[in-house]
Protein chains: 2
Amino acid sequence: MTPKIAKFLQAHTPATPCLVLDVDVVEQNFTAMRNAMPSAQIFYALKANPAPEILHRLVALGCGFDCASIEEINMCLAAGAEPAKLSFGNTVKKATAIAAARAAGIDLYVFDCLAELEKIALHAPGARVFCRLAVSSEGAVYPLSRKFGVSTEVAGDLLRRAVDLGVVPWGLSFHAGSQQTRTWAHEVAIGQVAMLFDELEADGIKLGMINVGGGFPTEYLDRTPAIEVFAARIARALTYHFGDSQPQLLVEPGRYLSGNAGVVVSEVVLVSQRDPADPLRWVYLDIGKFGGLIEAESNVIRYRITTPHDGTDDGPVIIAGPTCDSGDTLYDKLDYRLPMRLRDGDRVVLHNAGAYVTTYAAQSFNGFKPLEEYYL
Amino acid sequence: MTPKIAKFLQAHTPATPCLVLDVDVVEQNFTAMRNAMPSAQIFYALKANPAPEILHRLVALGCGFDCASIEEINMCLAAGAEPAKLSFGNTVKKATAIAAARAAGIDLYVFDCLAELEKIALHAPGARVFCRLAVSSEGAVYPLSRKFGVSTEVAGDLLRRAVDLGVVPWGLSFHAGSQQTRTWAHEVAIGQVAMLFDELEADGIKLGMINVGGGFPTEYLDRTPAIEVFAARIARALTYHFGDSQPQLLVEPGRYLSGNAGVVVSEVVLVSQRDPADPLRWVYLDIGKFGGLIEAESNVIRYRITTPHDGTDDGPVIIAGPTCDSGDTLYDKLDYRLPMRLRDGDRVVLHNAGAYVTTYAAQSFNGFKPLEEYYL
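The model shown is predicted, which means the values in this text are computed figures rather than measured ones. (Residues numbered from 1 in each chain as written. Chains lettered and ligands numbered in written order. Predicted model: local features only at pLDDT ≥ 70, side-chain atom pairs only at ≥ 80, totals over all residues. Heavy atoms only, no water.)

> Would you take a moment to explain the overall build of chain A for this structure?
Secondary structure summary: chain A contains 10 helices and 19 strands in total. The principal-axis extents of the C-alpha atoms in chain A amount to approximately 75 × 40 × 35 Å. Per-residue burial for chain A yields a buried fraction of 61% across its 376 residues. Partitioning the intrachain contacts of chain A with sequence separation of at least 6 by distance along the chain shows that 69% fall at a separation of at least 24. Of the accessible surface of chain A, which amounts to about 13,600 Å², a share of 51% is contributed by carbon and sulfur atoms. In chain A, 33 side chains carry a positive charge and 43 a negative one; their mean positions are 1 Å apart. (Helix = DSSP H or I, 4+ residues; strand = E, 2+ residues; numbered from the N terminus. Buried < 20%, exposed > 50% of the residue type's maximum accessible area, 1.4 Å probe, protein only. Contact = heavy atoms within 4.5 Å. Areas by Shrake-Rupley, 256 points an atom, 1.4 Å probe, with all protein chains shown as cover. Lys, Arg positive; Asp, Glu negative; His and termini not counted. Charge placed at Lys NZ, Arg CZ, Asp CG, Glu CD.)

> Teacher, can you tell me more about the side chain of Lys289(A) here?
The residue Lys289(A) is located in the loop between β13 (281-285) and β14 (305-306) in this model. Ignoring any residue separated from it by four or fewer positions in sequence, one finds Lys289(A) in contact with Ile294(A), Glu297(A), Gly327(A), Asp328(A), Leu330(A) and Ile294(B).

> Explain the pattern of salt bridges here, please?
Charged atoms that come close allow side chains of opposite charge to pair. Inspection of every chain in the model, using the stated rule, returns 44 salt bridges over all chains. Its salt-bridge partner being Arg236(B), residue Glu187(B) comes within 2.8 Å of it at the nearest N-O pair. Here Glu187(B) is found in helix α8 (residues 185-202), whereas its partner Arg236(B) is found in helix α9 (residues 227-242), with 49 residues between them in sequence. Beyond isolated ion pairs, a larger network of salt bridges with shared partners links Lys4(A), Asp22(A), Asp24(A), Glu27(A) and Arg57(A). (Salt bridge = Lys/Arg side-chain N within 4 Å of Asp/Glu carboxyl O.)

> Sorry, what's going on with the nonpolar core here?
In globular proteins that are soluble, nonpolar side chains generally tend to be buried together. Among the nonpolar cores identified, the biggest contains 110 residues, and Tyr44(A), Leu58(A), Phe65(A), Leu172(A) and Tyr303(A) are the most heavily contacted of them. Ignoring sequence-local partners within four residues, the contact set of Leu58(A) consists of Val26(A), Phe30(A), Tyr44(A), Cys63(A), Phe65(A) and Leu257(A). In this structure, Val23(B), Ile70(B), Phe88(B) and Val357(B) belong to the second largest nonpolar core, which totals 109 residues. (Core = buried A, V, L, I, M, F, W, Y, C linked by side-chain atoms within 4.5 Å.)

> Looking at this model, I keep getting lost on the packing of aromatic side chains. Mind explaining?
The way to describe two aromatic rings as a pair is by their centre distance and the angle between their planes. Counted by the stated rule, this structure contains 24 aromatic pairs over all chains. With 6.0 Å between their ring centres and 40 degrees between their planes, Tyr356(A) and Tyr360(A) make a pair best called tilted. The class of Tyr356(A) is buried, set by a relative accessible area of 10%. The class of Tyr360(A) is buried, set by a relative accessible area of 7%. On the basis of an interplanar angle of 45 degrees and a centroid distance of 5.2 Å, the ring pair of Phe8(B) and Tyr374(B) is categorised as tilted. Of this pair, Phe8(B) sits in helix α1 (residues 3-12) while Tyr374(B) sits in strand β19 (residues 372-375), and the two are 366 residues apart along the sequence. Tyr374(B) sits in the partly exposed class, given a relative accessible area of 25%. (Phe/Tyr/Trp six-rings, centres within 6.5 Å; stacked < 30°, edge-to-face > 60°.)

> Help me understand the packing of helix α2 (residues 23-36) of chain A against helix α9 (residues 227-242) of chain A in this model?
Geometrically, a packed helix pair is captured by the angle between its two axes and the distance between the axes. Residues and elements named next belong to chain A. Contact geometry of α2 with α9 gives a least axis separation of 9 Å together with a crossing angle of 30 degrees. The angle between the axes of α2 and α9 places the two elements in the roughly parallel class. Here α2 runs over α9; the crossing is right-handed. Of the residues in α9, those touching α2 at Ala32, Met33 and Ala36 are Ile227, Glu228 and Ala231. When its residues are assigned to classes, the contact of α2 with α9 shows 5 nonpolar, no polar and 1 charged. (Axes fitted to C-alpha atoms, helices over the stretch in contact; angles between N-to-C directions. Parallel < 35°, antiparallel > 145°, perpendicular 65-115°, else oblique. Left-handed = near helix turned anticlockwise from the far one by under 90°. Nonpolar A, V, L, I, M, F, W, Y, C, P; charged D, E, K, R; others polar.)

> Would you explain the relation of the copies chain A and chain B in this entry?
Two copies of one chain are present, and they are related through a rotation about an axis combined with an axial shift. For the pair chain A and chain B, the best superposition has an RMSD of 0.0 Å and corresponds to a rotation of 180 degrees with a translation of 0.0 Å parallel to the axis. Both copies are brought into coincidence by an operation consistent with a two-fold rotation axis. In terms of C-alpha distance to the rotation axis, chain A has Ala362(A) as its closest residue, with the C-alpha 2.1 Å off the axis. (Least-squares fit on C-alpha atoms with pLDDT ≥ 70 in both.)

> Hey, could you run me through the interface of chain A and chain B in this one?
Frequently, the measure chosen for interface size is the accessible area that the parts lose on association. The partner chain B presents 64 residues to the 64 residues of chain A that form the contact. In total, about 5,100 Å² of surface goes out of reach between chain A and chain B, with carbon and sulfur atoms giving 58% of it. Scanning the region where chain A abuts chain B turns up 6 salt bridges. Our count for the contact surface shared by chain A and chain B stands at 34 residue pairs in polar contact (both at pLDDT 80 or more). Breaking the side of chain A that touches chain B down by element, the ones donating at least two residues are α4 (70-78), α6 (114-123), β12 (262-272), β13 and β15 (314-320) of chain A. Ranked by residue count, the leading element in the side of chain A that touches chain B is β12(A), at 5 residues. Looking at the side of chain A that touches chain B residue by residue, the classes come out as 28 nonpolar, 17 polar and 19 charged. (Buried area = accessible area lost by both parts, 1.4 Å probe. Polar contact = N/O pair within 3.5 Å; in protein donor to acceptor, adjacent residues only side chain to side chain.)

> Explanation requested: the pairing of β15(A) in the structure shown.
Side chains on a regular strand alternate between the two faces of the sheet. Residues and elements named next belong to chain A. Of all 7 residues making up β15, 5 are buried, and the element is well covered by its neighbours. Strand direction decides the pairing type here: β13 and β15, joined by 4 bridges, are parallel. Following the sheet pairing, Tyr284 is matched in β15 by Ala320. Relative to strand β17 (residues 337-339), β15 runs antiparallel, the two sharing 3 bridges. From the neighbouring strand, Pro316 faces β17, where its bridge partner is Arg337. Alignment of β15 against strand β16 (residues 329-331), held across 2 bridges, turns out to be antiparallel. Its bridge partner being in β16, Ile319 is matched across the sheet by Tyr331. (Pairing = 2+ DSSP bridges.)

> Can you help me understand the pairing of strand β8 (residues 168-173) of chain B in this one?
Relative to β8(B), strand β6 (residues 128-132) of chain B is paired through 5 bridges, and the arrangement is parallel. From the neighbouring strand, Val129(B) faces β8(B), where its bridge partner is Pro169(B).

> It is not clear to me how the confidence of the model for chain A should be interpreted in this structure. Could you clarify?
If pLDDT is low for a region, its predicted coordinates should not be looked at in detail. Averaged over chain A, the pLDDT score is 94; the fraction of residues at 70 or greater is 97%. Scored as a complex, the prediction yields pTM 0.95 and ipTM 0.94. (pLDDT = per-residue confidence, 0-100.)

> What exactly am I supposed to notice about the side chain of Lys119(B) here?
Residue placement: Lys119(B) occurs in helix α6 (residues 114-123). When its relative accessible area of 5% is taken as the criterion, Lys119(B) is described as buried. Within the structure, the side chain of Lys119(B) is placed 2.6 Å from the backbone oxygen of Lys93(B), a separation counted as a polar contact. If we ignore the near neighbours within four places in the chain, the residues touching Lys119(B) are Val269(A), Leu270(A), Asp344(A), Lys93(B), Lys94(B), Ala95(B) and Ile98(B).

> What is the right way to look at the environment of Glu72(A) in this model?
Residue position: Glu72(A) is located in helix α4. Linking Glu72(A) and Ile318(A), residues 246 residues apart in sequence, is a C-alpha distance of 36 Å. Other than its neighbours up to four places away in sequence, Glu72(A) contacts Leu46(A), Lys47(A), Asp66(A), Cys67(A), Asn366(B) and Gly367(B).

> For this particular structure, what's the right way to read unusual backbone geometry?
The general pattern is negative phi for most residues beyond glycine and trans for most peptide bonds. Residues and elements named next belong to chain A. Going from Thr16 to Pro17, the amide bond is cis rather than trans, its omega being -5 degrees. Relative to the helices and strands, Pro17 resides in the loop between α1 (3-12) and β1 (18-21). At Thr13, a residue that is not glycine, the phi angle is positive and equals roughly 40 degrees. Its location among the elements puts Thr13 in the loop between α1 and β1. Here Thr13 falls in the partly exposed class, since its relative accessible area comes to 47%.

Laid out in structure tokens, this is it:
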């Protein structure tokens, strides 16, 4: 938690649940990434957290944006982003959304099948397109290999078709998986991309861009490698495969830019020891899966949690949300321990919770409204 | 789809995704349940769908409500419900919510641990309380056994404590699991409850109510037993265990009342055959897990889907939502087949989708807004 957030919480004691995010940390992350990857174009994947305060700051820093929908494109434009720095990065787009994006000046579109390529050619003629490859996302907390991407062979065929269809075959993308902690994941994929670059060049198609996606981790309970380590691996792979004539590198960090910038503050609703003979307590918070912590479900993203009683005796707990849904259980397999003194009404803090929390929140399941958001 | 819904869709072609629900069907379901269980108090579990149009209709029919939060209580009161017909049915409640409910005249509260019982006694002194038992939910699509409920032994101890704490020990509840299709599930649990009734009566505590929860199924792709079958089993168990002096029966249908009353209309965004050598197509709809179809995730609730091309040649598909999240995949293990002619822009209908769709919707993940709702 940054001093700015601590001061805000002390001065205002905002109603819970809420997210409090220090936009300066987003800027620090952006600067660290820019320094680590000086030749890269950085496009923030705003699906992680599209708050206008974050977008405005990143626009001022010269950041671009990876947009998942025409709604996200419009949010970026409203924050002052140049159309040339936006990518329509969802392989699944309505025709009306493509046409609206093109009308707004967006020139960069992803695809991973012929039907989508034809749709882009029809509604955004002349645009630059890039094809998403399916690569291994082994080692990622969220593997992505099935829903998106095609084989190298099919990608080559589609990029050759692009010329005939009247769009510009511009590059290749992949995604090594979200919260990827293996530093060689991107490296391996770059080799796959490089082969296809060569193959297409032999056919007279010169691609100009390689998009290595996002997936760079935020630190939760486990330590994660620094961005410099990923950057060095990517740079090494690019040099190895492309030598002195490297394509434009594009990166799409989401979680990496906003994840560690915010905390979620929650109130304990109930501490229940339902069987007096069993020391296990259930701790019910006023935010759970449906309130925005969908990444904590199934024990996947492991937030560090602090309480007013830290340092005193603790014991094993299962942590759950406040709804009547049995699926609204966050940590039931992780051996979390919380202080024995924890009581209902206590406020707890979930750290590094600035990404993938706000927009996920259910609009009103069980009557509970989405968490409040504060940007400092 | 009812004629009323069909006529509405034809006349208005509403933007997708949307829910269109015929409130008359909710009334028909309520009437069927009342006829099948004439002695029961029916409390609608409004978490399934809390639309004011549904609440108003049910209030007019004399229905009560099982509320999960003070927000849901206020919605029922706003629809004209009497406080005496409301239950605060979440075992996890903030102290402030209990106090607000008590101030609004709510007299019935559930608990399943000492800490919650004490909280109720403090903030709603004199109220009637009932204890939730953990029972087997074997046979349910959504088992509920871990997050909620205590053993019969602990429940007995807690109800004995209730008297000293200044609240009225009023009954026992259980929940046999949502979309429960085994008609004997409630029957077995009633036997467990009856034993505890006897035991407490021997200690001078006369309980007055048994709450058999909800979980009664709506028909999706598989056939489900009629409500009359469940009602007969419950009646038989009550007669067997309680003879002529039966406690007040309370039922909490959610899905059963609103599930088959509505359809979700969606547009196909993309039909992707990413590998020309593989006949499997991915069909991306403009609604998925984050748009409200969270119950379809992991292939659990199997909606029947109709298209404009039904009756023509079909082929295997995986069905997914429109977001960039790999988890936004609905049916990837169910051998769904859809027409080969299906194209982007086609409108499809998901049937019996009136429950657990609207309030679940993420407020804006990927920039997509929650589905529109129309009540006829």
